[in-house]
Amino acid sequence: MSDFDGNGCVGNGDALVRIRDLRFCHGPRVILDGVDIDIPRGKVTTIMGPSGTGKTTLLRLIGGQLKPEAGSIVVDGKNVPTLSRKELYRLRRRMGMMFQSGALFTDLSVFDNVAFPLREHTELPEEIIRDLVLMKLHAVGLRGARDLMPAELSGGMARRVALARAIALDPMMVMYDEPFTGQDPITVGVIMQLIRRLNDNLGLTSVVVSHDVKEVSAISDCIYLISNGEVVAKGGPDKLKSSGSAWAYQFLNAQPDGPVPFHYPAVGYKEDLMADES
Amino acid sequence: MLNWLQFLGRGGLDFFERLGRGHMFIVRVSAGLPGLFLQPRLVIQQLFSVGVLSLQIIAISGLTVGMVLGLQMYNTLVDFGAEDSLGPVVALSLVRELGPVLAALLFAGRAGSALTAEIGLMKATEQLSGMEMMAVDPIKRVVAPRFLAGAISLPLLAAIFSAIGILGSYFVGIGLLGVDSGAFWSQMQAKVDVQEDILNGVLKSIAFGVVATWIAVFEGYDAVPTTEGVSRATTRTVVHTAFAVLGLDFVLTALMFGGE
Ligand SMILES: Nc1ncnc2c1ncn2[C@@H]1O[C@H](COP(=O)(O)OP(=O)(O)O)[C@@H](O)[C@H]1O
Ligand SMILES: [Mg+2]
């Protein structure tokens, strides 16, 4: 772990999530193989990697929605894959997750979406729920949009509502699945700022999955680069840039070819062209 | 030949695997039913969208089926001078067979397909995953109330279908064809047995309600979470419900009325 203590990444100390030797397969396909990740408490940690490398899968593993083939995922002292359903649900109340699509309930208004976890998990009277919901919506700047339905929101607004919902129960950790993808530059800026500000003001631990290099470098304390099911580089944003890792270089400088090949695996080009059509 | 066997074998395995998953699913759904007593609002909402919104098609179909039945039966009965029996003949056909079966088939087309599409789309848009991550079990929160509402609605819809059907045949028989109104009702009252006919019809429609809704919610929950997957699942709901209801109808009829 020598290259893993600068720039805001913890050393061996205080990790909220500690993943060791994680292996996960979809049927015959190995998605993650031997992944070690530490997510430091109170920091913004980013998982970067090409599409289809298993970033969403990783978040689902942390949330206990998928079971790994091998390895441990210890969240706040509890090994997620071995938890009973009840314990898992108790742990999930302290994790928020913002899905790639927002995953708002389309039949509920913005207000009711944010109120949903409060109503499900607390016995609070409706006036207090109202205050809490308005506070969360205010934090993401959408207090005025409370009566809109999800279909009436722009993509960026939907993600902000999803964020308000994710922090409704005051979780210890929030996971963001590609929060910037497909958003206009202003929205990207807003979401970036929200992630950082909420993390610091609410004392959260944030895990961001993204491949937007510039944005992520600006707000992350610690970055993991995964590719082909393994962690290929890790460290603070500055450290990663100067690390000399070919992976980091390709990714951070948007090179089309490199350790991540431009070509999907195939037989030789010439061979392929010469092959008999039938 | 070998390919054919292979194909058959794989198809069979797939079928039984799905059947197994369907049964495990219904066990989990049933486990979620007691909790609904604490949240009756969830069931009432679904009773509206599953049951009340199906009323229109059930009522219109019931009326036309009853009217056609009245005409057809009259034409046969009148040859034997037995047109006074129009009441019991129509009532028995509706209460024993046509009410439960046709209501179930219409229910699959109107409410079952909507249930499948709704749950499938919730899955495709990660709403179910999102719920799970909020520590809320979607089977208890989303599936169980819909299942219960469907299972309650269909027997009621079938009863409404039969009742309106009888009215339809009454209008045709008495209004158009000149059957005696008193004979129509009194014969019906004399020949239709509460236990033998009505209760068995109700039992049938309860069984159909459970099966039709089970198929609908399972197909939705099990759908491949893509646009195409949901559309396939919706089609499957209608087709499988039709097969299941017609097959079950034969079995139940044989059990209930076979030994007469
Ligand atoms: N249910 C599934 N069955 C089979 N393969 C899957 C399934 N879900 C995802 N995958 C595969 O797993 C890989 C990782 O998926 P994902 O975690 O969504 O990638 P990312 O979020 O990094 O783009 C992808 O290549 C995808 O094709
Ligand atoms: Mg993804």
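About the cut-offs
Residues numbered from 1 in each chain as written. Chains lettered and ligands numbered in written order. Predicted model: local features only at pLDDT ≥ 70, side-chain atom pairs only at ≥ 80, totals over all residues. Heavy atoms only, no water. Helix = DSSP H or I, 4+ residues; strand = E, 2+ residues; numbered from the N terminus. Buried < 20%, exposed > 50% of the residue type's maximum accessible area, 1.4 Å probe, protein only. Contact = heavy atoms within 4.5 Å. Areas by Shrake-Rupley, 256 points an atom, 1.4 Å probe, with all protein chains shown as cover. Lys, Arg positive; Asp, Glu negative; His and termini not counted. Charge placed at Lys NZ, Arg CZ, Asp CG, Glu CD. Salt bridge = Lys/Arg side-chain N within 4 Å of Asp/Glu carboxyl O. Axes fitted to C-alpha atoms, helices over the stretch in contact; angles between N-to-C directions. Parallel < 35°, antiparallel > 145°, perpendicular 65-115°, else oblique. Left-handed = near helix turned anticlockwise from the far one by under 90°. Nonpolar A, V, L, I, M, F, W, Y, C, P; charged D, E, K, R; others polar. pLDDT = per-residue confidence, 0-100. Buried area = accessible area lost by both parts, 1.4 Å probe.

A.B. asks: Looking at this structure, I do not really get the overall build of chain B. What am I missing?
C.D. replies: For chain B, the count of helices and strands is nine helices and zero strands. Element order for chain B, N to C, with α for helix and β for strand: α-α-α-α-α-α-α-α-α. Expressed along its principal axes, the backbone C-alpha trace of chain B runs to roughly 65 × 55 × 30 Å. Within chain B, the proportion of its 260 residues that are buried is 45%. Here the analysis covers contacts within chain B between residues at least 6 apart in sequence; of these, 83% occur between residues at least 24 apart. For chain B, the accessible area works out to roughly 12,700 Å², and carbon and sulfur atoms hold 71% of it. Where the 15 positive side-chain charges of chain B centre and where its 19 negative ones centre are 13 Å apart.

A.B. asks: Looking at this structure, how should I read the pattern of salt bridges?
C.D. replies: A pair can form between side chains of opposite charge whenever their charged atoms are brought close. Residue and element names in this part refer to chain B. Enumeration over the complete set of coordinates arrives at 24 salt bridges over all chains. Among the salt bridges present, the one from D249 reaches K204, with a minimum N-O distance of 2.9 Å. Taken as a pair, D249 in helix α9 (residues 227-257) and K204 in helix α8 (residues 194-222) lie far apart in primary sequence, 45 residues in all. Here D249 matches K204 in class, with each residue buried. Linked through salt bridges whose partners overlap, the residues forming this network are E17, R18, R21, E219, D222 and R236.

A.B. asks: Just to check I follow, could you spell out the packing of helix α4 (residues 86-124) of chain B against α9 of chain B for this structure?
C.D. replies: Each packed pair of helices is defined by two parameters, the angle between the axes and the distance between the axes. Residues and elements named next belong to chain B. It is the contact of α4 with α9, at a shortest axis distance of 9 Å, that shows an interaxial angle of 150°. Here α9 runs roughly antiparallel to α4, going by the angle between their axes. In this structure, α4 meets α9 at a crossing whose hand is right-handed. A class-by-class count of the residues in the contact of α4 with α9 yields 14 nonpolar, nine polar and three charged.

A.B. asks: How should the confidence of the model for chain B be read in this particular structure?
C.D. replies: Note that predicted coordinates carrying low pLDDT should not be read in detail. Confidence in the prediction for chain B averages 92 pLDDT; 99% of positions are at 70 or higher. Model confidence for the complex: the whole-complex pTM is 0.85, and ipTM, which rates the interface, is 0.80.

A.B. asks: In this structure, what is going on with the interface of chain A and chain B? I would like to understand it.
C.D. replies: Size of an interface: often given as the accessible area lost when the parts come together. Contacts between the two partners involve 22 residues from chain A, matched on the other side by 15 residues from chain B. Buried area between chain A and chain B, both sides added, is near 1,700 Å², and the carbon and sulfur share of it is 55%. Along the contact surface separating chain A from chain B lie three salt bridges. The partner of D137 of chain B in a salt bridge is R85 of chain A, with the nearest N and O atoms 3.1 Å apart. Elements with a minimum of two residues in the side of chain A that touches chain B: α2 (85-92), β6 (95-98) and α3 (110-121) of chain A. Examining the composition of the side of chain A that touches chain B, we find that four residues originate from one element, α3 of chain A, more than from any other. The class makeup of the residues in the side of chain A that touches chain B is 10 nonpolar, six polar and six charged.

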